[in-house]
Amino acid sequence: IKKIGLFTSGGDAPGMNAAIRAVVRTAKYYNIEVVGIRRGYEGMINGEMFPMDGKSVANIIQRGGTILKTARSEQFKTADGRRLAYDQLVKHGIQGLVAIGGDGTFTGARIFGSEYDMPVVGLPGTIDNDLYGTDFTIGYDTAINTVIDAVDKIRDTAESHDRLFIVEVMGRDSGLIALRTGIASGAEAIIIPETKRDINALMDRLENGRKDKSSKIVMVAEGEDPGGAFEIGRQVKEKFPNYDTRVSILGHIQRGGKPSCMDRVLASRVGVAAVEALRDGHRNEMIGIVHNEIAFTPFEHACKHHVEINANFLKIVEILSI
Ligand code: F6P
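The rules behind the values
Residue indices begin from 1 for each chain and proceed along its sequence in written order. Predicted model: local features are reported for residues with pLDDT of at least 70 only, side-chain atom pairs are reported and counted for 80 or more only, and whole-chain, interface and lining totals are derived from all residues. UniProt positions are given in the numbering used here, feature names are shortened, and annotations may be inferred rather than shown by experiment. Helix numbers and strand numbers start at the N terminus; a helix is a DSSP run of H or I with at least 4 residues, a strand a run of E with at least 2. Counting other C-beta atoms within 10 Å of a residue's own tells you its class, since 20 or more makes it buried, 12 or fewer makes it exposed, and anything in between is partly exposed; those C-beta atoms are placed from the backbone. Each residue gets a C-beta atom placed from its backbone. If that atom is within 6 Å of a molecule or strand, the residue is near it. By the convention adopted, Pro, Cys, Tyr, Trp, Phe, Met, Ile, Leu, Val and Ala count as nonpolar, Lys, Arg, Asp and Glu as charged, and the other residues, Gly among them, as polar. Residue count minus one, scaled by 1.5 Å, sets the expected span of a helix. Values of pLDDT, the confidence the predictor places in each residue, fall between 0 and 100. The angle between two axes is taken between their N-to-C directions and runs from 0 to 180 degrees, where each axis is a line fitted to C-alpha atoms and a helix contributes only its stretch in contact. Crossings are assigned a handedness: left-handed for a near helix turned anticlockwise from the far helix by less than a right angle, right-handed for a clockwise turn. Residues are scored as being in contact if the C-beta atoms we place from backbone atoms lie within 7 Å. Following DSSP output, two strands are said to pair if at least two bridges run between them. We call a crossover right-handed when, viewed with both strands directed away from the observer, the connection leading from the first strand over the helix to the second proceeds clockwise.

**As for the UniProt feature "binding site: ADP" (unreviewed entry) in the protein**
Here comes step 1: With numbering aligned to this structure, UniProt lists the feature "binding site: ADP" (unreviewed entry) at Arg 21, Ala 22, Val 23, Val 24, Arg 25, Arg 155, Gly 186, Ala 187, Glu 188, Lys 213, Ser 214 and Ser 215. With the annotated positions falling across 195 residues, the maximum pairwise C-alpha distance of 52.7 Å shows that they are not confined to a single cluster.
Here comes step 2: Position of Arg 21 among the secondary structure elements: in helix α1 (residues 16-29).
Here comes step 3: The residue Ala 22 is located in helix α1 in this model.
Here comes step 4: Ala 22 gets classed as buried once you count the C-beta atoms within 10 Å, which come to 24.

Written out as structure tokens, the structure reads:
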């Protein structure tokens, strides 16, 4: 393989730049040319491509976001869009692709790989950690550290005012950010999309939990439910008018910031493995790390519905918030 294309797609994640750097430098090491594709599948369709060399990725390992920019492409979901993308790849002499992203990215890559003779390997880049086939995704460690930093601050003011805070964290269909940060910030309860939301159980917990606690934190994953944390806050206020309740949505600060050491190392390891995998003839696989070893998982298995919530984590919250 002589020339590969590289792109980031879907929601950005801290550590994507470290992965870009690793792919470009590894390709250089093996004398493979790299073409950077801007704005994910959207840029592929529009031919937003440029050559990358070792120098073009200097001084980015510590930077959040993605220098390649990213997008969620509607056009690539259509057969016509994918045909345009393929034509652009051929025009630029690209013989293989490295995709950095999450489940949407890999769903697109899987369909594309079944339609066209173009090897694609994927690197898990999402703050959600909701991909099967890797213990952690690039960006998750940084995001959960950003969350606990923020919630520690919320705890200070909650404690001073004797308040109950409903804190909403990211994860449209995954509670893995809420689960871990809930434990780490000493939350009283965690509400995640994977376990059916039981508002009565939450009320029960607030009613029968320790009375002498001056501050309480309820961690809520974004989820699909209308109203999210605000709706929960409304119901809590209605049931416990004497609680001084506030809602705090952490939002996109969770996606920014400089990547943690863990994310930089993870990104570097899988980035090197991606180029080696393409050289070895791998295709349609995500490259992750399982039990500290590089692991290959077909795209169709990597997508999120295969990730299970560790029920022990919820139990830990219940035990420790007594
Ligand atoms: O998948 C990453 C993520 O940050 C999710 O946690 C969140 O639900 C979603 O993206 C938000 O997407 P957008 O930035 O497009 O609103």
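That shown, we press on.
**Things to note about the site of the ligand**
Here comes step 1: Taken together, Gly 11, Gly 102, Thr 126, Ile 127, Asp 128, Met 170, Gly 171, Arg 172, Glu 222 and Arg 255 are the residues near the ligand.
Here comes step 2: Looking at the shell around the ligand residue by residue, the classes come out as two nonpolar, four polar and four charged.

**Considerations on helix α5 (residues 140-161)**
Residues lying three or four places apart along an α-helix face the same way, a consequence of the helix completing one turn every 3.6 residues.
Here comes step 1: For α5, which comprises 22 residues, the first-to-last C-alpha distance of 31 Å matches the rise-based estimate of 32 Å (1.5 Å per residue) to within 8%.
Here comes step 2: With its phi angle positive at about 55°, Asp 162 sits one or two positions after the end of α5.

**Focus on the confidence of the model for the protein**
Here comes step 1: Looking at the protein as a whole, the pLDDT averages 94, with 98% of positions reaching at least 70.
Here comes step 2: For this predicted complex, the interface confidence comes out at an ipTM of 0.97, alongside a pTM of 0.96.

**Describing the packing of α1 against helix α9 (residues 261-279)**
Here comes step 1: Packing of α1 against α9 leaves a shortest axis separation of 7 Å and a crossing angle of 35°. In this structure, the crossing between α1 and α9 has a hand that is right-handed. Facing α1, whose interface residues are Ala 18, Ala 19, Ala 22, Val 23, Thr 26 and Ala 27, α9 presents Asp 263, Arg 264, Ala 267, Ser 268, Val 270, Gly 271, Val 272, Ala 274 and Val 275.
Here comes step 2: Split by residue class, the contact of α1 with α9 holds ten nonpolar, three polar and two charged.

**Notes on the pairing of strand β4 (residues 96-101)**
Here comes step 1: Taking burial as the measure, the six residues of β4 include six buried ones, the bulk of the element.
Here comes step 2: As judged from the five bridges shared by strand β1 (residues 3-8) and β4, these two strands associate in the parallel manner. Within β4, the residue paired with Ile 4 across the bridge is Gly 96.
Here comes step 3: When β4 meets strand β5 (residues 120-124), the two strands line up parallel, connected through five bridges. Pairing of Ala 99 across the sheet is with Gly 122, part of β5.
Here comes step 4: Taken together, β4, helix α4 (residues 103-115) and β5 form a β-α-β motif whose crossover is right-handed.

**Looking at the pairing of strand β2 (residues 33-37)**
Here comes step 1: Looking at chain direction, β1 and β2 are connected through four bridges and run parallel. Residue pairing across strands places Leu 6 opposite Gly 36, the latter belonging to β2.
Here comes step 2: The parallel pair β1 and β2 is bridged by α1, and the resulting crossover is right-handed.
Here comes step 3: Examined bridge by bridge, β2 and strand β3 (residues 49-52) share four bridges and lie antiparallel to one another. Residue pairing in the sheet places Gly 36 in a bridge with Phe 50 of β3.

**Concerning the UniProt feature "binding site: ATP" (unreviewed entry) in the protein**
Here comes step 1: Mapped onto this numbering, the UniProt entry gives "binding site: ATP" (unreviewed entry) at Gly 11, Arg 72, Ser 73, Gly 102, Asp 103, Gly 104 and Thr 105. For the annotated residues, spread through 95 residues, the largest C-alpha to C-alpha distance comes to 13.2 Å, consistent with a single compact locus.
Here comes step 2: Here Gly 11 falls in the buried class, since 22 other C-beta atoms lie within 10 Å of it.
Here comes step 3: Those residues in contact with Gly 11 that sit more than four places away from it in its chain are Gly 102, Thr 126 and Arg 255.
Here comes step 4: Here Arg 72 shows up in the loop between β3 and α3 (79-91).
Here comes step 5: Residue Arg 72 is classed as partly exposed on the basis of its C-beta count, with 17 C-beta atoms lying within 10 Å.

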